[in-house]
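Coordinate inspection notes
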Amino acid sequence: MATQKHLDAFCAQLTQEYRDLFANDPEYAFSAAHITPEDLARKMTLGLDSGSANKDGAGVKRTCKHFGIPYTYKAIRAFLNAE
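One structure accompanies this document, and this report is about it. Everything numeric in this text was worked out from a predicted model, so none of it was measured.

This part takes up the nonpolar core. Grouped together as the largest cluster of nonpolar side chains are 19 residues, with contacts concentrated most on Phe 10, Tyr 18, Val 60 and Ile 76. Only α1 (4–24), α3 (37–50), α4 (58–67) and α5 (73–81) provide two or more residues apiece to this core. In terms of residues, this core owes the most to one element, α1, which gives seven residues. Residue contacts for Tyr 18: discarding those within four places in its chain leaves Tyr 28, Pro 37, Leu 40, Ala 41, Met 44, Gly 59 and Val 60.

A few words now on α5. Three- or four-residue spacings in an α-helix give side chains the same orientation, since the helix completes a turn every 3.6 residues. For α5, the set of buried residues is Ala 75, Ile 76, Phe 79 and Leu 80. Buried residues along α5 cover an arc of 135 degrees about the axis, so they all sit on one side. Residues of α5 that are buried in the fold lie against α1, α3 and α4.

Bringing the packing of aromatic side chains into the picture now. Throughout the structure, instances matching the rule amount to six aromatic pairs. Considering the side-chain rings of Phe 22 and Tyr 28, the 6.3 Å spacing of their centres and the 35 degrees angle between planes classify their relative orientation as tilted. When its relative accessible area of 14% is taken as the criterion, Phe 22 is described as buried. Classification of Tyr 28 by relative accessible area gives buried; the value is 13%. In this structure an aromatic cluster arises from ring pairing among Phe 10, Phe 67 and Phe 79. It is Lys 55 that lies over the ring of Tyr 73; its NZ or CZ is 5.5 Å from the centre.

A word on the state of the cysteines. When the sulfur atoms of two cysteines share a covalent bond, that bond is a disulfide. Using the criterion set out here, one finds zero disulfides in the structure. The structure places no disulfide on Cys 11, whose sulfur is separated from the nearest cysteine sulfur, that of Cys 64, by 14 Å. Residue classification places Cys 64 among the buried positions, given a relative accessible area of 1%.

In this section: the packing of α3 against α5. Axis angle and axis distance: for two packed helices, these are the angle between their axes and the distance between the axes, and together they describe the pair. At their nearest, the axes of α3 and α5 sit 9 Å apart, and the two run at 105 degrees to each other. As the angle between them shows, α3 and α5 are arranged roughly perpendicular. Residue-level inspection shows Thr 45, Leu 48, Asp 49 and Ser 50 of α3 in contact with α5, the latter providing Tyr 73, Ile 76, Arg 77, Leu 80 and Asn 81. Tallied by class, the residues present in the contact of α3 with α5 amount to four nonpolar, three polar and two charged.

Calculation criteria
Residues numbered from 1 in each chain as written. Predicted model: local features only at pLDDT ≥ 70, side-chain atom pairs only at ≥ 80, totals over all residues. Heavy atoms only, no water. Core = buried A, V, L, I, M, F, W, Y, C linked by side-chain atoms within 4.5 Å. Buried < 20%, exposed > 50% of the residue type's maximum accessible area, 1.4 Å probe, protein only. Helix = DSSP H or I, 4+ residues; strand = E, 2+ residues; numbered from the N terminus. Contact = heavy atoms within 4.5 Å. Arc of directions from axis to C-beta. Phe/Tyr/Trp six-rings, centres within 6.5 Å; stacked < 30°, edge-to-face > 60°. Lys NZ or Arg CZ within 6 Å of the ring centre and 35° of its normal. Disulfide = S-S within 2.5 Å. Axes fitted to C-alpha atoms, helices over the stretch in contact; angles between N-to-C directions. Parallel < 35°, antiparallel > 145°, perpendicular 65-115°, else oblique. Nonpolar A, V, L, I, M, F, W, Y, C, P; charged D, E, K, R; others polar.

Right under this line is the structure:
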């Protein structure tokens, strides 16, 4: 089970990354028109924790880089579940 501290930190950083991507990357235009960065970040964070989300994408990649964790499902889940 993920710790709330790490879930919150990952989600907050991912929200920042999505805000930037929504504003500056045309590949995120569809998402920007249908969901807020906050809602997408929460959905992705919970999905990554449960194993139901796809990590591929600039937002998750940037977030992993920010925290210095490898861009793998195993490393993301380890970070989310760290004490």
